[in-house]
Amino acid sequence: MPGIDECLLEAMRLPGARGAAVVDWTSGLALGTVGDAPGGDHETTAAEAAELARLAAEHHAFAPADGSDWSEAEPPVEDLIISNRDSYHVLRFVRTTFDSSVVLHLWLGREEGNLALARIRLGEMAGRLVLG
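Residues numbered from 1 in each chain as written. Predicted model: local features only at pLDDT ≥ 70, side-chain atom pairs only at ≥ 80, totals over all residues. Heavy atoms only, no water.

**Q** How would you summarise the pattern of salt bridges if you had to cite specific residues and measurements?
**A** Inspection of the entire model under this criterion finds six salt bridges. Where E78 meets R119, a salt bridge forms, and the shortest distance between an N and an O atom there is 3.2 Å. In this pair, E78 sits in the loop between α2 (42-58) and β3 (79-83) while R119 sits in helix α3 (residues 115-128), placing the two residues 41 residues apart along the sequence. With its nearest N and O atoms 2.6 Å apart, the salt bridge here joins R119 to D79. Note that R119 is positioned in helix α3 and D79 in strand β3, a separation of 40 residues in sequence. We classify R119 as partly exposed; its relative accessible area is 32%. Note on D79: relative accessible area 15%, which makes it buried. (Salt bridge = Lys/Arg side-chain N within 4 Å of Asp/Glu carboxyl O. Helix = DSSP H or I, 4+ residues; strand = E, 2+ residues; numbered from the N terminus. Buried < 20%, exposed > 50% of the residue type's maximum accessible area, 1.4 Å probe, protein only.)

**Q** Can you break down the environment of F93 residue by residue, with the values?
**A** For F93, the position within the fold is in strand β4 (residues 87-94). A sequence separation of 12 residues divides F93 from H105, and the C-alpha atoms of the two residues are 8.9 Å apart.

**Q** Can you tell me about the side chain of T45, naming the residues and giving the values?
**A** Relative to the helices and strands, T45 is located in helix α2. Setting aside residues no more than four positions away along its own chain, T45 makes contact with A37, P38 and H105. (Contact = heavy atoms within 4.5 Å.)

**Q** So, the pairing of β4: which residues are in play, and what are the values?
**A** Counting buried positions over the eight residues of β4 gives eight, a clear majority of the element. Covered by surrounding structure in β4 are S87, H89, L91 and F93 together with Y88, V90, R92 and V94, the residues of both alternating faces. Here five bridges tie β3 to β4, and the two strands are oriented antiparallel to one another. Opposite I82, over in β4, you have H89 as the bridge partner. Between the end of β3 and the start of β4, which pair antiparallel, lie three residues. With eight bridges joining them, β4 and strand β5 (residues 102-109) adopt antiparallel strand pairing. Residue pairing for β5: S87 is matched across the bridge by G109. (Pairing = 2+ DSSP bridges.)

Take a look at the structure:
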């Protein structure tokens, strides 16, 4: 089972990957980073990604129709996808044994990247990621 560094290196092998991070969305801290960061600052990017993740995870408008929340077996939100003119940002929630407050953030070039593949692979990585 891979740790943070192995997971980030695997994310960077995805076509079009520009940068990746594992972020604690309750504190906004980057637990690990690799590659480039939008705007050149991994810590600022981590804090901003955490803010987005927190909004999606804590508001019932984004939960499944059955009303499940964080008390259920799975997080109510699987991932967030933000697109702009030249890139995608994919934030994948990671289920952990403690508080599930971690997301994988992948910055993907739009021309070179494959959003569907990235989403599938991030889901696989999130399932294997070992934190601790």
